Amino acid sequence: MPEGFFALLDLFEWRTVTTLCDALTQYPGLNAFHALACANLRLIQSKQRTKYNFYDTDFDSGLTSDYRPFLSRAKTDSRVIVLITHPRIMREMMLTAHALEMTNGEYVFLAGTITRVPTRGPITWKFGDGRDEMAFEAFRSLITYVNVEPDWNKTADWVEGIAETARVSFNTTYTEDQKYNEYALSAYEVMLASAQVFQENINATSMDGRQYAKYFWNRVFQFPSRNMTIGPYGMRADNVVFFRLNASSGELEETWRYDAVEKLLKNSSSLASYWPMTGGIPPPDHPACGFSGSQCDSTGDAMDCIQIFPAFPTPFLQEQGTWI
């Protein structure tokens, strides 16, 4: 999923990002996905600090429901804000952002979500709590992204088999919701890939661990659940789907799809070029007046660089002008 995320940043030349990562202690088990999703983003960014600038904030919605401090800080740090949290908490944070006037097109929110399963409905702004109208407006500034989900209809036997093994061998009973576990399914897919590689090389006279591992690299395994792509050095590469709100249907619609094999981000709908609140262009990485508005005079016009830095020669001013 992180490869697709950074592909979207590159598409719009977004370089300055705030990540808001929720510990979600009230959702034990489920929070493992969110912790890993956030850690992966920050790990990749840490290796490309000259390209991406992240402002990282950790919080726990199990201990606080006041998200104003985190979002107010993000408001003066960046125009791209990443929410790694439960969909219910995400909606609350988007409502808070709306109250802080952060959903007027100047900001964009990216929310990484866990793979959809049959026992949970789609992410939505509609809760019927009297705040749906505000949530609808807030969701217009939101882009959600998720790994391509498996075909759960073709994995029913696997799902039941994993649950039965947990019950018999580990004295653990899964609820209907717990049966649809992305991690358990992924582990099963890895075992299937291992069995396939073993079968392909069963007659090999000698092979060390590294040679065996190379048979997994740079290939696509085809399973009933989905295709599993393994990149260089054994890392799994997932296709990623991005969604935006279709204001006409009121539903989140697939807008871009990242192909992990081709390493390309492709448009899926006309929403990919739909930015009505900013004159048809996506929010810029750096606003003209700076994140705090301090780089504009009282009329709202950007200050003259020469007046601010009179000692620097013209070439320097032209190069640095992109940051002002």
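Definitions and cut-offs
- Residues numbered from 1 in each chain as written.
- Predicted model: local features only at pLDDT ≥ 70, side-chain atom pairs only at ≥ 80, totals over all residues.
- Heavy atoms only, no water.
- Disulfide = S-S within 2.5 Å.
- Helix = DSSP H or I, 4+ residues; strand = E, 2+ residues; numbered from the N terminus.
- Buried < 20%, exposed > 50% of the residue type's maximum accessible area, 1.4 Å probe, protein only.
- Pairing = 2+ DSSP bridges.
- Axes fitted to C-alpha atoms, helices over the stretch in contact; angles between N-to-C directions.
- Contact = heavy atoms within 4.5 Å.
- Expected span 1.5 Å × (residues − 1).

Draft legend 1. Highlighting the state of the cysteines. Inspection of the entire model under this criterion finds 1 disulfide. Covalently, C21 is tied to C38 through a disulfide, its sulfur atoms 1.7 Å apart. In this structure, the disulfide formed by C21 and C38 twists by about 65° around the S-S bond and is classed as right-handed. Here C38 lies in helix α2 (residues 31-46) and C21 lies in strand β1 (residues 16-22), a separation of 17 residues in the sequence. Each member of the pair C21 and C38 is classed as buried.

Draft legend 2. A look at the sheet that holds strand β3 (residues 80-84). Strand order in the open sheet formed by 8 strands is β2-β1-β3-β4-β5-β9-β10-β11, with mixed pairing between adjacent strands. At either end of the open sheet lies a strand with only one pairing partner, and these are β2 (53-59) and β11 (264-267). This sheet shows a mean twist of 25° between the axes of neighbouring strands, independent of strand direction. Taken together, the 7 bridges between β1 and β2 define a ladder with parallel strand orientation. Its bridge partner lying in β2, T18 is registered against Y55. The strands touched by α2 are β1, β2, β3, β4 (108-112) and β5 (142-147); relative to β2, the strand with the most contacts, the crossing angle is about 155°.

Draft legend 3. Region of interest: unusual backbone geometry. Although it is not a glycine, L24 sits at a positive phi angle of roughly 50°. In this structure, L24 sits in the loop between β1 and α2.

Draft legend 4. Layout of helix α4 (residues 87-99). The terminal C-alpha atoms of α4, which comprises 13 residues, lie 19 Å apart, in line with the 18 Å expected from a rise of 1.5 Å per residue. Listing the buried residues of α4 in full gives I89, M90, R91, M93, M94, L95, T96 and A97. Where α4 ends, the next residue or the one after it, E101, has phi of about 60°, a positive value.

Draft legend 5. Representation of the sheet that holds strand β8 (residues 236-237) in the model. What the 3 strands build is an open sheet, ordered β6-β7-β8; its pairing is antiparallel. Whereas interior strands pair on both sides, the edge strands pair on one side only; in this sheet they are β6 (219-222) and β8. Direction of pairing for strand β7 (residues 227-230) relative to β8: antiparallel, over a ladder of 2 bridges. Among the inter-strand pairings, T229 is bridged to a residue of β8, identified as A237. Taken strand by strand, helix α8 (residues 182-200) contacts β6, β7 and β8, and its axis lies near 110° from that of β6.

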